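Spelled out, the chains give:
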Amino acid sequence: MSKFPDDLKYASTHEWVRIDDAVATVGISYHAQDALGDIVFVELPELGTTVNARAEVAVVESVKAASDIYSPLSGKILEINEALADTPEIVNSMPYDNGWFYKMEIDDANALAAELDELMDAEAYADHCAND
Amino acid sequence: MAQHTPLFQKHLDAGAKMVDFAGWDMPINYGSQSEAHNRVRSGAGVSYVSHMTVVDISGIDASAYLQYLLANDVAKLDDQGRALYSAMLNEKGGVVDDLIVYRMSFGYRLVVNCATRLKDLAWMAQHSPGFKISIEEQPKLAILAVHGPDAIDKVCEILPADQADAVRSLGNFRGVELDSWFVARTGYTGEKGVELIFPADAAAALWDKILAAGVSPVGLAARDTLRLEAGMNLYGHDMDESVSPLAANMEQTIAWQPQEREFIGRAAISRHKQDQASGGLPHLVGLALEQRGVLREGQKVQSDRGEGVITSGSFSPTLKHSIALARIPVDSQSCQVEIRGTLTPVRIVKPNFVRFGKKVFD
């Protein structure tokens, strides 16, 4: 597994986002789960709620600490990863695939372009982690 | 920069993430904390804990000195190798440190905490005049703690046959001197096992043998969740110099008898006992949160009798929910904890959660 997959965008607060047409999938990075250690609870947003970019949207509790998760983009919550309720540890083992957090609908293409500009590509994010 | 222990490279080889712990480079985790924790509950794990301070006391007044210095009574140690857990109190009845004292062929061996090393040594020296004793720190000794249901078998596989026999026949809280080695059935996990105290130049070879025997390395983080599940205090968190042992679930470690034994802090904690009986001094309890959420040190507790605070809290890998130690008013019947801005009801239980791999509270 790559620690910094090329097809994702990353927030400075260590969330990742994958865009497929008008749907964005959000999770936390390898670096984030490694820093948190064993994850034991993930509190996800309600379906149908609208969230703004950089707003608190979820909470991760590991054995070590609690950490707020910020939405990298604005949009409406379409789907949450139900598997995290019983097997939160998949965030540790598969942060970029089975360990995703939620999917959101993007309806404003102009806003999306501006918000994506605020995010980093894999190379920039790897540098960001090296200096974290 | 933190000091490297003799096992620094061995920890890195085992995949450790290192942290500075009171001036020592110590392993916090070797991969997953929960996996290491579970290995101790179900198999065997080894922790390198040589950052702890070993102090040997000898001389004709060694017993009298320790009977004055410690809240527990070394007169209970009626046989060589026997171990006793005790608080060392100040005159105000606060806890200077908690420690294990062993009776040895030469006198007594104390194992005290790491972060408290300098103040402990100063405290011991300050109270030694008038006693014919020698106080000797042993910085060249290493300590390995091997615990879990398979731990004693694994250690005995490695030791020479006659030493293995001696270790196998040890009862709980008993130890045996084997030349320059000392092996004792003591620990900080709530599982069976031994602590090995031996010359540090043998540490790397022994570490390799123990890992080769199938024992998993256990970092400081898993050690903390293990001791919390076992309801054992951590100095500087569950108690310190401002906290009475009676407010830290240490009443059982105070030897009130014989009444004529004068020990440092006795007068103060006698008053604390009266305060507690009238509700003026809080006590340390266990808390269980059997739903989502994690109790953390420092969170406020609101009980039907007043306010309190969590002194240690974590997710329990064995119980799969959160547990905590909390100092709250005596006679509290119900309480809530403020978790991230929300008051959440929790259950008050005995401060002892897991022993020998099993849940022990109702």
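### Here we look at the overall build of chain B
Here comes step 1: The secondary structure content of chain B amounts to nine helices and 21 strands.
Here comes step 2: Across its three principal directions, the C-alpha atoms of chain B cover 55 × 50 × 40 Å.
Here comes step 3: Across the 362 residues in chain B, those meeting the buried criterion constitute 46%.
Here comes step 4: Taking as baseline every contact in chain B between residues at least 6 positions apart, the subset at least 24 positions apart corresponds to 67%.

### Section: the pairing of strand 6 (residues 56-62) of chain A
All names here are of chain A.
Here comes step 1: Burial analysis of strand 6 places five of its seven residues in the buried class, which makes it a mostly covered element.
Here comes step 2: Where strand 4 (residues 39-43) meets strand 6, four bridges bridge the pair, whose relative direction is antiparallel. Note on strand 6: the bridge partner recorded for Val42 is Val60.
Here comes step 3: Both strand 6 and strand 7 (residues 66-70) contribute to a ladder of five bridges, which runs antiparallel. Bridged to Glu61 within strand 7 is Ala66.
Here comes step 4: Between the antiparallel neighbours strand 6 and strand 7 lie three residues.

### Section: the nonpolar core
Here comes step 1: Formed by 127 residues in total, the largest nonpolar core has its most connected members in Leu66, Val101, Leu144, Val146, Val194 and Leu287 of chain B.
Here comes step 2: Beyond its immediate stretch of four places on either side in the chain, Val101 of chain B contacts Leu66, Leu70, Val74, Leu84, Ser86, Tyr108 and Leu110 of chain B.

### Observations regarding the confidence of the model for chain B
Here comes step 1: With 100% of its residues at a pLDDT of 70 or more, chain B has an overall mean of 96.
Here comes step 2: Among the scores for the predicted complex, ipTM is 0.86 and pTM is 0.94.

### Here we look at the interface of chain B and chain A
Here comes step 1: The interface of chain B with chain A comprises twelve residues on the first partner and eight residues on the second.
Here comes step 2: Mapped by element, the contributors of at least two residues to the side of chain B that touches chain A are helix 2 (33-42), helix 8 (220-229) and strand 16 (306-316) of chain B.
Here comes step 3: Taken together, the residues of the side of chain B that touches chain A break down into three nonpolar, seven polar and two charged.

### What about the sheet that holds strand 5 (residues 50-51) of chain A?
Two modes of strand pairing occur in sheets, parallel and antiparallel, and in both the strands are linked by backbone hydrogen bonds.
All names here are of chain A.
Here comes step 1: The strand order across the open sheet formed by six strands is 1-2-3-9-8-5, and the pairing between neighbours is antiparallel. Of all strands in the sheet, those bounded by a partner on one side alone are strand 1 (9-10) and strand 5.
Here comes step 2: Across two bridges, strand 5 lies against strand 8 (residues 75-80) in antiparallel orientation. Residue pairing for strand 8: Thr50 is matched across the bridge by Lys76.

### Quick look at the environment of Val59 of chain A
All names here are of chain A.
Here comes step 1: Turning to its location among the elements, Val59 is positioned in strand 6.
Here comes step 2: For the pair Val59 and Leu44, spaced 15 residues apart in sequence, the C-alpha separation works out to 7.0 Å.
Here comes step 3: Excluding its chain neighbours within four sequence positions, the residues that come into contact with Val59 are Glu43, Ala66, Asp68 and Ile69.

### Points about unusual backbone geometry
Residue and element names in this part refer to chain B.
Here comes step 1: Omega for the bond connecting Gln257 with Pro258 falls within 30 degrees of zero, at -5 degrees, which places this linkage in the cis form.
Here comes step 2: Here Pro258 lies in the loop between helix 8 and helix 9 (266-277).
Here comes step 3: Notably, Ala22 is not glycine yet its phi reads approximately 50 degrees, a positive angle.
Here comes step 4: Tracing the backbone through its elements, the reader meets Ala22 in the loop between strand 1 (16-21) and strand 2 (24-30).
Here comes step 5: Residue class for Ala22 comes out partly exposed when judged on the 13 C-beta atoms lying within 10 Å of it.

### Points about the sheet that holds strand 9 (residues 141-147) of chain B
Residue and element names in this part refer to chain B.
Here comes step 1: Spatially, six strands are ordered 10-11-12-9-3-13 in an open sheet, and the strand pairing comes out mixed. Each of the sheet's edge strands pairs with one partner strand only, and the pair in question is strand 10 (175-178) and strand 13 (216-217).
Here comes step 2: Looking at chain direction, strand 11 (residues 181-184) and strand 12 (residues 193-199) are connected through three bridges and run antiparallel. The partner of Val183 across the bridge, within strand 12, is Leu196.
Here comes step 3: Sitting on the sheet, helix 2 is in contact with strand 3 (45-48), strand 9 and strand 13, with an inclination near 115 degrees to strand 3.

### Concerning the packing of helix 5 (residues 151-158) of chain B against helix 6 (residues 161-168) of chain B
Residue and element names in this part refer to chain B.
Here comes step 1: It is at 8 Å that the axes of helix 5 and helix 6 come closest, and there the two elements cross at 160 degrees. As far as their axial angle goes, helix 6 and helix 5 are roughly antiparallel. Like other packed secondary-structure pairs, helix 5 and helix 6 cross with a definite hand, here right-handed. In this structure, helix 5 contributes Ile152, Val155 and Cys156 to the contact, and helix 6 contributes Ala164, Val167 and Arg168.
Here comes step 2: Looking at side-chain class alone, the contact of helix 5 with helix 6 contains five nonpolar, no polar and one charged residues.

### Details of the packing of helix 2 of chain B against helix 8 of chain B
All names here are of chain B.
Here comes step 1: Remark: helix 2 packs on helix 8, axes separated minimally by 9 Å, with the N-to-C direction vectors making an angle of 55 degrees. Here helix 2 lies oblique to helix 8, going by the angle between them. Once helix 2 is placed against helix 8, the crossing between them reads as right-handed. Facing Gln33, Ala36, His37 and Val40 of helix 2, the residues of helix 8 in contact are Ala221, Ala222, Thr225 and Leu226.

### Concerning the confidence of the model for chain A
As a general rule, the predicted coordinates of low-pLDDT regions are not to be interpreted in detail.
Here comes step 1: On average, residues of chain A score 95 in pLDDT, and 100% of them reach the 70 mark or higher.
Here comes step 2: Per-element mean pLDDT across chain A ranges from 90 in helix 4 (residues 109-118) of chain A up to 98 in strand 1 of chain A.

### Quick word on the environment of His147 of chain B
Here comes step 1: When you line up the elements, His147 of chain B lands in strand 9.
Here comes step 2: For the pair formed by His147 of chain B and Gly107 of chain B, sequence separation is 40 residues and the distance between their alpha carbons is 27 Å.

Conventions and cut-offs
Residues numbered from 1 in each chain as written. Chains lettered and ligands numbered in written order. Predicted model: local features only at pLDDT ≥ 70, side-chain atom pairs only at ≥ 80, totals over all residues. Helix = DSSP H or I, 4+ residues; strand = E, 2+ residues; numbered from the N terminus. Buried ≥ 20, exposed ≤ 12 C-beta atoms within 10 Å, placed from the backbone. Contact = placed C-beta atoms within 7 Å. Pairing = 2+ DSSP bridges. Core = buried A, V, L, I, M, F, W, Y, C linked by C-beta atoms within 7 Å. pLDDT = per-residue confidence, 0-100. Nonpolar A, V, L, I, M, F, W, Y, C, P; charged D, E, K, R; others polar. Axes fitted to C-alpha atoms, helices over the stretch in contact; angles between N-to-C directions. Parallel < 35°, antiparallel > 145°, perpendicular 65-115°, else oblique. Left-handed = near helix turned anticlockwise from the far one by under 90°.

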